[in-house]
Amino acid sequence: IFLFVPAVEVKIEVVIPEKERSKEEMSPNGKASPLIYKVNGTARHYHLEEHPIASNPYHNPKDVVEASVCHVKDLENGQMREVDLGCGKALLIKESGEFHAVGHKCPHYGAPLVKGVLSKGRVRCPWHGACFNIGTGDIEDFPGLDSLPRFQVKIEKEKVYIRASKQALQTQRRTKMMAKCISLSNYNLSSTNVLIIGAGAAGLVCAETLRQEGFSDRIVMCTMDRHLPYDRPKLSKSMDSHPEQIALRPKEFFRTYDIEVLTEMQVAAVDIKNKTAVFKDGFKMEYNKLLIATGNTPKALSCKGKEVENVFNIRTPEDANRVVKLATSKNVVIVGASFLGMEVAAYLAERAHSVSLVELEEVPFKKFFGERVGRAVMKMFESNRVKFYMQTEVSELREQEGKLKEVVLKSGKVLRADVCVVGVGAVPATGFLKQSGVNIDSKGFIVVNKMMQTNIPGVFAAGDAVTFPLALRNNKKVNVPHWQMAHMHGRIAALNMLAHGMEISTVPYLWTAMFGKSIRYAGHGEGFDDVVIQGDLDELKFVAFYTKSDEVVAVASMNYDPIVSKVAEVLAAGRTIRKRDVDPHAGKHLTALWVFFLFFRTGDMSWLTGKGS
């Protein structure tokens, strides 16, 4: 329980973070602007633009608001408070005796950051794990693209004052300063400095990071999709969303920062020796640096009748929209209790006449969340009219006048079906690289190092199609097909294209949403040998710690925020959580709520390493 003293007074003022101001005024060498990068031996000048905050955020006095919020003694170190400035809110933070003020909502999906986790100069979102520097507002871990607005805090006569731009308070987001491409008209259309194959999260973050770091040469992204980059996780969570509703950036953004996107363009081969990408239509493009971020390709069914109409893999907004239209008041069969399959089942449960889910395993999510959590989730679905057919497969899809009519299972059961959604896994979309010389493992994944570099100089890879060394698991090469991880891959790749020598060390973080409830997950639980459950699975209020030998390697929760973000911060700090520290039967009897209290109130994590009392 946290008691807050009634507010006294505080002032906040929006300013450009010192880090970004120095980026605008100084070159990488510390010399005066304009900045210069050498590309292919040619010096190129660039100019930075900041959006939406100008260098002087107060040239319009009517856009400025002041509000009193508290006395300096009202907040203890390590505390956060959401404060109202009249026309918007800010997040006031006290750490190491200093006050900071930033936007109060996570720019990703609007989570209240006051309910997040404050640790060592950054705040982590309670919903999806994005991290923001409390001094600058800069985004430091993902998902999401924008940073927080930073407000200036002044202390006068032991009162805290906040002065802020109304616009910043209302938008609650800040796009970092970016360079623009110079002399774009002089470029050869078949040549680019950076070519990005794939326009998902990894590709977009790579392009944006390059511009944020002052890179001013040509950047070209190409994608097989017909749309600009969009929020792909929403395809199964919010299936009736239109492309423009889930776009990650508007068209104007790409024009403003000279990021070219070639849609409906498929790369058929990469000539490493000549640094050339060959497209399916015969077009060729030379590059200096290459990022491969092609993601994966969903597996199709191999049964009889697989070509009948109204059988879908959810790959595009059009796929999702079409499924919703066909499924309304009709019979739906979903093959595969994957994240996609389960989210689609949850979304369609209230819209369809019936939803049946076919799965080879005994319970959903068994390999990922464990049997006990899987059964609890399965029970929730059954209470929402979803029928499960477990430990069986599809043997045939039957049609009537070319359209799906029935799904026949190997168990002999025949299910009525007007539409079928297939979610039985995916394979990396790397077939076009087989003769390229880029190192591909036996499963088709691109092998990269901690800097997202392949075995070919100047060629990087990111996202679902790669295996990389995961610091959390002693640098074991893993594939982590998470939305958050793709963002970080793209950033690391961009920084190393610019020779920053940055290594990836982020903690994997994912979430799934079903029937208005979310399961959050952090870590990498592959190969876990036990699950320690705290809370009540039947009430869907629990936290699950996944252990391997004596070590906690991952955590999942439902209705227990922000425990997953707290554990993610502990793991990100390089600390080891032992099984005995979270097992209520191992002598400590620590419930998750007690863990919350100890960590938040004292900042002391010694109990996590077994050294606490």
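Just so we're clear, the structure is a prediction, and the values are computed from it rather than from any experiment.

Undergrad: Can you walk me through the overall build of the chain in this structure?
TA: Summing up its helical and strand segments, the chain has 13 helices and 42 strands in all. Across the 613 residues that make up the chain, the buried fraction comes to 56%. Carbon and sulfur atoms make up 47% of the accessible area of the chain, which amounts to about 26,400 Å² in all.

Undergrad: So what exactly am I meant to see when it comes to the sheet that holds strand β13 (residues 139–141) here?
TA: Neighbouring strands of a sheet are bound in pairs by backbone hydrogen bonds; such pairs are parallel or else antiparallel. Here we have 4 strands laid out as an open sheet, ordered β10-β11-β12-β13, and antiparallel in their pairing. The sheet terminates laterally at β10 (117–119) and β13, the two strands that pair on one side only. On average, adjacent strands in this sheet sit at an angle of 30° to one another, irrespective of strand direction. Note: strand β12 (residues 131–133) against β13, 2 bridges, orientation antiparallel. The residue bridging Phe-132 from the neighbouring strand is Ile-139, located in β13. Strand contacts of helix α11 (residues 563–572): β10, β11 (122–124) and β12, with the helix running at about 135° to β11, the strand carrying the most contacts.

Undergrad: I tried to follow helix α7 (residues 339–348) on my own but got confused; where do I start?
TA: In an α-helix, one turn spans 3.6 residues; hence positions three or four apart end up facing the same way. Counting buried residues in α7 gives 8 out of 10 residues, a clear majority hidden from the surface. Restricting attention to buried positions, one finds in α7 the residues Gly-341, Met-342, Glu-343, Val-344, Ala-345, Ala-346, Tyr-347 and Leu-348.

Undergrad: Quick question: what am I supposed to make of the confidence of the model for the chain here?
TA: When pLDDT is averaged along the chain, the result is 87; 85% of the residues meet or exceed 70. Note on residues 1–58: pLDDT is under 50 here. Beyond four places in sequence and across chains, it has 180 contacts. Here residues 605–613 scores under 50 on pLDDT; set against residues more than four positions off or in separate chains, the count is 23 contacts.

Undergrad: Would you mind going over α11 with me for this structure?
TA: Counting buried positions along α11 gives 9 out of 10 residues, so the element sits mostly inside the fold. Among the residues of α11, Ile-563, Val-564, Ser-565, Lys-566, Val-567, Ala-568, Glu-569, Val-570 and Leu-571 are the ones counted as buried. Just downstream of α11, Gly-574 is the residue with a positive phi angle, here 85°.

Undergrad: It is not clear to me how the sheet that holds strand β22 (residues 284–286) should be interpreted in this structure. Could you clarify?
TA: One open sheet holds the 3 strands; their spatial order is β20-β21-β22, and the pairing between them is antiparallel. Looking at which strands have only one partner, the edges of the open sheet turn out to be β20 (267–271) and β22. Sheet twist, expressed as the average angle between the axes of neighbouring strands with direction ignored, equals 20°. Here 4 bridges tie β20 to strand β21 (residues 276–279), and the two strands are oriented antiparallel to one another. The partner of Asp-271 across the bridge, within β21, is Thr-276.

Undergrad: How should the side chain of Thr-454 be read in this particular structure?
TA: Structurally, Thr-454 can be placed in the loop between β34 (446–447) and β35 (459–461). Owing to a relative accessible area of 11%, Thr-454 belongs among the buried residues under this scheme. Within polar-contact distance, the side chain of Thr-454 engages the backbone nitrogen of Ile-456 at 3.1 Å. Within the structure, the side chain of Thr-454 is placed 2.8 Å from the backbone oxygen of Val-459, a separation counted as a polar contact. Leave out the neighbours within four places in its chain, and Thr-454 touches Val-438, Ile-446, Val-447, Val-448, Val-459, Phe-460 and Ala-461.

Undergrad: How do you make sense of the nonpolar core when you look at a structure like this?
TA: Across soluble globular proteins, nonpolar side chains have a tendency to be buried as a group. Leu-195, Leu-210, Val-270, Leu-291 and Phe-468 are the most contacted members of the largest nonpolar core, which has 98 residues in total. The leading source of residues in this core is helix α10 (residues 483–497), at 8 residues. Ignoring anything within four residues of it in the chain, the contact list for Phe-468 reads Val-448, Lys-476, Lys-477, Val-478, Val-480, Met-485, His-489 and Ile-504. Core analysis: the second largest hydrophobic core is formed by 54 residues, Phe-312, Met-380, Phe-528 and Leu-540 among them.

Undergrad: What should I look at first to understand the pattern of salt bridges in this one?
TA: A side chain of one charge can pair with a side chain of the opposite charge when the charged atoms of the two come close. Evaluated as defined, the whole model comprises 26 salt bridges. Residues Asp-538 and Lys-379 are paired through a salt bridge, measuring 3.9 Å at the closest nitrogen-oxygen approach. One end of the pair, Asp-538, is in the loop between β40 (530–536) and β41 (541–548); the other, Lys-379, is in helix α9 (residues 371–382), and 159 residues separate them in sequence. Under the relative-accessibility criterion, Asp-538 is labelled exposed at 60%. With a closest N to O distance of 3.7 Å, Glu-396 and Arg-398 form a salt bridge. Residue classification places Glu-396 among the buried residues on the basis of a relative accessible area of 19%. Three or more residues joined by partner-sharing salt bridges are found here, namely Asp-146, Arg-173, Glu-208 and Arg-249.

Undergrad: How should the packing of helix α3 (residues 201–212) against α10 be read in this particular structure?
TA: The description of two packed helices rests on the angle between their axes and on the distance between the axes. Running from amino to carboxyl end, α3 crosses α10 at an angle of 40°, the nearest separation of the two axes being 7 Å. Along this stretch, α3 crosses α10, giving a crossing that reads as right-handed. The segment α3 lies against α10, with Ala-201, Ala-202, Val-205, Cys-206, Thr-209, Leu-210 and Gln-212 engaging Trp-483, Ala-486, His-487, Gly-490, Arg-491, Ala-494, Leu-495 and Met-497. Its residues assigned to classes, the contact of α3 with α10 shows 10 nonpolar, 4 polar and 1 charged.

Undergrad: Which parts of the structure should I look at to understand the packing of aromatic side chains?
TA: Each aromatic ring pair is characterised by the separation of its centres together with the angle its planes make. Under the definition given, this model contains 15 aromatic pairs. Considering the side-chain rings of Phe-253 and Phe-254, the 5.7 Å spacing of their centres and the 85° angle between planes classify their relative orientation as edge-to-face. Judged by its relative accessible area of 8%, Phe-253 is buried. Using a relative accessible area of 5% as the deciding quantity, one classes Phe-254 as buried. Between the aromatic rings of Phe-339 and Phe-369, the centroid separation amounts to 5.8 Å while the plane-to-plane angle is 85°, which identifies the pairing as edge-to-face. Of the two residues, Phe-339 sits in helix α7 while Phe-369 sits in helix α8 (residues 366–369), which places them 30 residues apart along the sequence. For Phe-339, a relative accessible area of 24% translates into the label partly exposed. Chaining the aromatic ring pairs together yields one cluster made of Phe-339, Phe-365, Phe-368, Phe-369, Tyr-521, Phe-528 and Tyr-546. Above the plane of the ring of Phe-253 lies Arg-249, whose end atom (NZ or CZ) is 4.5 Å from the centre. Above the plane of the ring of Tyr-347 lies Arg-351, whose end atom (NZ or CZ) is 3.8 Å from the centre.

Undergrad: Would you explain the environment of Lys-434 in this entry?
TA: One can find Lys-434 in the loop between β33 (426–428) and β34. The exposure class assigned to Lys-434 is exposed, which follows from its relative accessible area of 68%.

Undergrad: Could you clarify how one ought to interpret the side chain of Ser-241 in this entry?
TA: On the secondary structure map, Ser-241 appears in the loop between α4 (234–237) and α5 (251–256). One polar contact links Ser-241 to Ser-238, side chain to side chain, over a distance of 2.9 Å. Ignoring sequence-local partners within four residues, the contact set of Ser-241 consists of Ile-246, Pro-317 and Asn-321.

Conventions and cut-offs
- Residues numbered from 1 in each chain as written.
- Predicted model: local features only at pLDDT ≥ 70, side-chain atom pairs only at ≥ 80, totals over all residues.
- Heavy atoms only, no water.
- Helix = DSSP H or I, 4+ residues; strand = E, 2+ residues; numbered from the N terminus.
- Buried < 20%, exposed > 50% of the residue type's maximum accessible area, 1.4 Å probe, protein only.
- Areas by Shrake-Rupley, 256 points an atom, 1.4 Å probe, with all protein chains shown as cover.
- Pairing = 2+ DSSP bridges.
- Axes fitted to C-alpha atoms, helices over the stretch in contact; angles between N-to-C directions.
- Contact = heavy atoms within 4.5 Å.
- pLDDT = per-residue confidence, 0-100.
- Polar contact = N/O pair within 3.5 Å; in protein donor to acceptor, adjacent residues only side chain to side chain.
- Core = buried A, V, L, I, M, F, W, Y, C linked by side-chain atoms within 4.5 Å.
- Salt bridge = Lys/Arg side-chain N within 4 Å of Asp/Glu carboxyl O.
- Left-handed = near helix turned anticlockwise from the far one by under 90°.
- Nonpolar A, V, L, I, M, F, W, Y, C, P; charged D, E, K, R; others polar.
- Phe/Tyr/Trp six-rings, centres within 6.5 Å; stacked < 30°, edge-to-face > 60°.
- Lys NZ or Arg CZ within 6 Å of the ring centre and 35° of its normal.

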